[in-house]
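# Analysis of the macromolecular model
In case you want the letters, here they are:
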Amino acid sequence: MKDQSAKIIKIGIVEGEPGLIELSNSKAKRWASCQKAYKFKYYDKLRPKRKAVALRRGTWVHKVLEDKDNGLNWVESIKKLKAEEYDKLFQEEKTELGDLPNEVFRIMRAYFQTYKLVDEQHEVIATEQDFMIRVPGTKVVVTGKIDKITRHIPTGQI
């Protein structure tokens, strides 16, 4: 696994030119659904006091997958998240989240059992890869993050 964490893939002139507009998929979706919510989030920088349960679960699952792809022990990753985040919550917050550490453990165990053969046939090249692409003929720069880039290992080379 190559360390791509500090590298950004850039296609076209994506910085330094005045008046460029950076646009991500999430920004575009937010603006299309509610311009007031877009203003609150991206200009006023307002954030909810607490993440919704599903968002927190998704964040944990995403982090565990990223850690595993970077060669770390996924069980230890859950234990670390539990110690750094879950254990520090008030009892009321834990009640709202339920048994998040064990729920994420069950989800990840099932995921890794289901996709074991597929994972063995792919080499991870990069995780959480930032990118910026200039839309030709415009001032728009599309930004985003690629969760994972892999290379298929042909049968017989495993």
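Below is a summary of the structure that appears in this document. Just so it is clear, the model here is predicted, and its values are computed rather than measured. (Residues numbered from 1 in each chain as written. Predicted model: local features only at pLDDT ≥ 70, side-chain atom pairs only at ≥ 80, totals over all residues. Heavy atoms only, no water.)

### Some points on the layout of surface pockets
Definition in use: Think of a 1 Å grid over the protein atoms and nothing else: a 1.4 Å probe that fits but is trapped marks a cavity, an open set flanked by protein within 12 Å on at least five of seven lines marks a pocket, and residues with an atom within 4 Å of a point count as lining. Grid points are joined across faces, edges and corners, and a volume is the space filled by probe spheres set on the points. Segments assigned H or I by DSSP are reported as helices when at least four residues long, segments assigned E as strands when at least two residues long, and all are numbered from the N terminus.
Empty space within the largest pocket amounts to approximately 290 Å³. Along the walls of the largest pocket sit 13 residues, with Lys-68, Asp-69, Asp-119, Glu-120 and His-122 positioned nearest its centre. Those elements that provide at least two residues to the lining of the largest pocket are α3 (53-69), α6 (100-114), α7 (116-120), β3 (122-134) and β4 (140-152). For the lining of the largest pocket, the element with the highest residue contribution is α7, accounting for four residues.

### Some words on empty space enclosed by the protein
Threshold: Classification convention: Asp, Glu, Lys, Arg as charged; Ala, Val, Leu, Ile, Met, Phe, Trp, Tyr, Cys, Pro as nonpolar; all other residues, Gly among them, as polar.
For the structure on display, the rule yields one cavity of 30 Å³ or more. For the largest cavity, the calculated volume is near 60 Å³. As for the largest cavity, its lining consists of Arg-50, Lys-51, Val-53, Arg-56, Leu-89, Glu-93, Glu-96 and Leu-97. The set of elements that each furnish at least two residues to the lining of the largest cavity consists of α3 and α5 (91-97). By residue number, the principal contributor to the lining of the largest cavity is α5, which donates three residues. Looking at the lining of the largest cavity, its residues break down into three nonpolar, no polar and five charged.

### Examining the pattern of salt bridges
Our working definition: Any carboxyl oxygen of Asp or Glu within 4 Å of a side-chain nitrogen of Lys or Arg constitutes a salt bridge here.
Here the structure, examined in full by the defined rule, presents 13 salt bridges. Glu-17 is paired through a salt bridge with Lys-139; the nearest N and O atoms lie 3.2 Å apart. Placement of Glu-17 in the loop between β1 (8-11) and β2 (21-24) and of Lys-139 in the loop between β3 and β4 is noted, with a sequence separation of 122 residues between them. Notably, a salt bridge pairs Arg-151 with Glu-123, separated by 2.9 Å at the nearest N-O pair. Taken together, the residues span a long stretch of sequence, with Arg-151 in strand β4 and Glu-123 in strand β3 at a distance of 28 residues.

### Re the nonpolar core
Worth spelling out the cut-off: Residue types Ala, Val, Leu, Ile, Met, Phe, Trp, Tyr and Cys, when buried and joined through side-chain atoms within 4.5 Å, form a set referred to as a nonpolar core. Buried means the residue's accessible area, taken with a 1.4 Å probe over protein chains only, is under 20% of the maximum for its type, while exposed means over 50%, and partly exposed covers the values in between. Whether two residues touch is decided by their heavy atoms; if any such pair falls within 4.5 Å, the residues are in contact.
Formed by 13 residues in total, the largest nonpolar core has its most connected members in Val-64, Val-104 and Met-108. For this core, the secondary structure elements donating two or more residues are α3, α4 (74-84) and α6. Examining the composition of this core, we find that four residues originate from one element, α6, more than from any other. Dropping the residues within four chain positions of it, Val-64 is found in contact with Trp-74, Ser-77, Ile-78, Leu-81, Val-104 and Met-108.

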